[in-house]
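# A closer look at the structure
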Amino acid sequence: MSTALLKELYEELGSSIRGDIYARDEPGFEDYSTIFNGNVKSISKAVAVPLDASDISKIVLFCNKHGLSPSIKAGGYGTAGWAIGGDIIVDLSKIVGVDIEPPNADGSYTSLKDSVLPNNKGKEGVFAAPSGKRRRQEDVDLRRYDQASQAVATFLRGPGPVPVGLQGGPPPNVRRRVEVTQAPPVVGWRQISSGSDTTTSSSPRSIFDGTGNSGGSSPSSTIASSPSPGNGTESPRPSAPPLRASDPFGYLKKDNPICAPASVTQASYPSLSMHRSWIPSPTLFGNHPLPPGQLALAEPVHPHAYVTFGAGMRQKEIDTYTAQHKLEARYSNGSGEGVPYHVPFSAHPVGSSIMILGGFGFLSRLRGLSIDNLVEVEMVLADGRIVIVNEEEYPDLWWAIRGAGPALGIATRYKAKAYPVPVVFAGNLIYRFNRATAPSLIKHFRDCVKGAPRELYANVLLTAGPAGKDSLVVVQMCYVGTREQGQEYLAAISSWDGEQCLLNEVDEKSFLHQQDSVAQVLRGKAGRQWFIRSALITSLPDDLINETVINFADTPVGCTWLFELAGGAIIDFEDTCVPKSQREASFTIAALHQWEMDVDDDRCVESAEEWIADTLKPVHQGGPFPSFLGRHEPPERVKACFGSNWERLCEIKELYDPNNLFKNSFWPLNAEGEAVEAYTHEPPTP
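Nothing here was measured: the structure is a model prediction, and the numbers come from that model.

### Re the packing of aromatic side chains
Applying the stated criterion across every chain, the model contains 20 aromatic pairs. Centre to centre, the rings of Phe433 and Phe552 are 5.3 Å apart; their planes meet at 70°, and the pair counts as edge-to-face. Of this pair, Phe433 sits in the loop between strand E16 (424–432) and helix H9 (438–449) while Phe552 sits in helix H13 (residues 542–552); the two residues are 119 residues apart in sequence, bridging distant segments of the chain. Of the two residues examined, Phe433 and Phe552, each falls in the buried class. Between Phe552 and Trp561, the aromatic rings sit 5.3 Å apart at their centres with planes inclined by 65°, giving edge-to-face as the arrangement. Residue Phe552 is classed as buried on the basis of its relative accessible area, which comes to 2%. Here Trp561 falls in the buried class, since its relative accessible area comes to 1%.

This is how it looks when you write it as structure tokens:
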């Protein structure tokens, strides 16, 4: 049971900083001490809301003086609860501001030392610092995901009028109303019921062998519907007639006259380079699909840009800002509105600490993890010093904070690289989960993405419905490029013929809207109980896929199991504490479980633990990326995130935080260097 901060300590802290403080028994405390996971109870004595690094330095010195522990809350999306586990919650929500700049002529950037400080006036991109209650409302607004795809939103809600203000679909405990009005399709001359328990489909070999050549064999698919427009208003086209060839990828071969399925139009010209992109019209950033014929060939002037942002910014706010503040490009027709640039973040929603924990997302296979694109950080250290950390200054700390940052200091401002992303060819292919056919679909997905180009992100997820009914299998792809460049990958993935595809809405989209796509399918809700487990794996053999599907069929409502293709540019970076062994993983795996607060079902936790720790153990590649660490993590799993780099990381921790001031983090050791159980540095469960 926690007690409020003593009056004299409250007054001392309040008089030393410019920002506000809230004692435990004061109005406003709850606004700042609530996080996304409802299964965490704060026992903190007070909340401090600093305005800048100087305020944070004074809070750190105050904690050192009085033997108190701080916990750092940025976005509040971490499920473990570390953000609200300390004696003093340091809420960063008023350290805001974002700006984008092209590189200087020599490729350099404006250092954080020379940038305008947060909460100073007179610079574009500096946001007004909100109150706690307003910030909570902003969080609600940011968790509206229908712009990712109106077609998916309509599909998940089912028929009927859209409730006012409802975004992201119904909660997972509401049964999905899946209406399939088309007749059962003819597949490979066989009629298959959409509810079949016996149909299977062989998986093809990889169509990507590193040279662009295709191969493999599989019965042809006739059920891939044409990509729906972004607003989902057009009626789906009829299913394509069956191909007469045995090779479903034959149309990818230049010497093969077989036509592509009706859902895909094969480009008649070679792919463009990543520095020449088709720039969409301004409606790309509205609520409408890209209008056909309104594209202008352009070349971004800058291969990358630099984005500066405060630690209180949520990544969706940053994505929105950079999408709206485009940089110049050279146009084939002589004019245009510019190109949007984006930092390689994780998908929405996350807070800024993703920049020092890992950060795997749609751009990672092309550009690396979030930590790989960080160029500079302003931090407050355990002794109260305010430092700028980069490759040249504090190089040992620079190595360590990119992956283990929250255990080493408090990041207050970031500068990161952003890249031109004019358009992506992306979306979902949604199937009904069937225990008999789901293994075939996952194997097909696995085989299709072997050797895929770095521009292609892909995942397959299983999301559970009530009592095993109306659960879904969703394949998500995001090709960083145009329809002409990405359509062959859609054709390959959508050629699976084991079940009818209930919805295929892959189309050209803005990257800003694509960032909402995972959250839209998950339909996550703040205030529910959340539990996450993750792993990196070397391979995905058939027997583990089969066992995964069997186990998933018995999971409770609200459970989602995710397979994400890893690799690509992630393996190019070796100068961070995330080791090469982790970066060489083939897939990153996650169990994302959410359930209502009044539900008491041990399977919500146990099924995730068993799948990750037992079923997938034979192919584990150490621990997960640190950004996927969750509640109640055993010390061994945390250490495994850093592999052979663990000992060096411990040495740097001892140098910069010898008393373990930042214990309210994933760090699994006490000040003496001894392993401790997770509950000793996590807040309790209500």
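### Focus: helix H17 (residues 646–656)
Taken as a whole, H17 has its buried residues at Trp646, Leu649, Ile652, Lys653 and Tyr656. Seen along its axis, H17 keeps its buried residues to an arc of 120°; they face one direction. Opposite the packed face of H17, turned more than 90 degrees from it, sit the exposed residues Glu647, Glu651 and Leu655.

### Let's talk about helix H3 (residues 53–66)
Between the first and last C-alpha of H3 there are 20 Å, a value that for 14 residues agrees with the 20 Å anticipated at 1.5 Å per step. Every buried residue of H3 is accounted for by Ala53, Asp55, Ile56, Ser57, Ile59, Val60, Phe62 and Cys63. A side-chain oxygen of the first residue of H3 lies 3.2 Å from the backbone nitrogen of Ser54; this N-cap is Asp52. Phi for Gly67, located one or two positions after H3, is positive at around 65°.

### Quick word on a negative patch on the surface
Together, Asp543, Glu547, Asp600, Asp602, Glu606, Glu610 and Asp614 give the surface a local cluster of negative charge. Mapped onto the negative patch, the elements with two or more residues apiece are H13 and helix H15 (603–615). Sorting elements by how many residues they give to the negative patch places H15 first, with 3 residues. Residue class for Glu606 comes out partly exposed when judged on its relative accessible area of 40%.

### With respect to the packing of helix H8 (residues 395–404) against H17
For the pair H8 and H17, the least separation of the axes is 10 Å and the interaxial angle reads 110°. Put simply, H8 runs roughly perpendicular to H17. Across from Asp396, Leu397, Trp399, Ala400 and Ala404 in H8, the residues of H17 making contact are Arg648, Leu649, Ile652, Leu655 and Tyr656. Residue classes in the contact of H8 with H17 are distributed as 8 nonpolar, no polar and 2 charged.

### Some thoughts on unusual backbone geometry
A cis amide bond, omega -5°, links His348 with the succeeding residue Pro349. Tracing the sequence through the fold places Pro349 in the loop between strand E12 (341–342) and helix H7 (364–367). Even without being glycine, Asn660 reaches a positive phi, approximately 55°.

What counts, and where the lines are drawn
- Residues numbered from 1 in each chain as written.
- Predicted model: local features only at pLDDT ≥ 70, side-chain atom pairs only at ≥ 80, totals over all residues.
- Heavy atoms only, no water.
- Phe/Tyr/Trp six-rings, centres within 6.5 Å; stacked < 30°, edge-to-face > 60°.
- Helix = DSSP H or I, 4+ residues; strand = E, 2+ residues; numbered from the N terminus.
- Buried < 20%, exposed > 50% of the residue type's maximum accessible area, 1.4 Å probe, protein only.
- Arc of directions from axis to C-beta.
- Expected span 1.5 Å × (residues − 1).
- Polar contact = N/O pair within 3.5 Å; in protein donor to acceptor, adjacent residues only side chain to side chain.
- Patch = residues over 30% accessible without salt bridge, like charges linked within 9 Å, V, L, I, M, F, W, Y side chains within 5 Å.
- Areas by Shrake-Rupley, 256 points an atom, 1.4 Å probe, with all protein chains shown as cover.
- Salt bridge = Lys/Arg side-chain N within 4 Å of Asp/Glu carboxyl O.
- Lys, Arg positive; Asp, Glu negative; His and termini not counted.
- Charge placed at Lys NZ, Arg CZ, Asp CG, Glu CD.
- Axes fitted to C-alpha atoms, helices over the stretch in contact; angles between N-to-C directions.
- Parallel < 35°, antiparallel > 145°, perpendicular 65-115°, else oblique.
- Contact = heavy atoms within 4.5 Å.
- Nonpolar A, V, L, I, M, F, W, Y, C, P; charged D, E, K, R; others polar.

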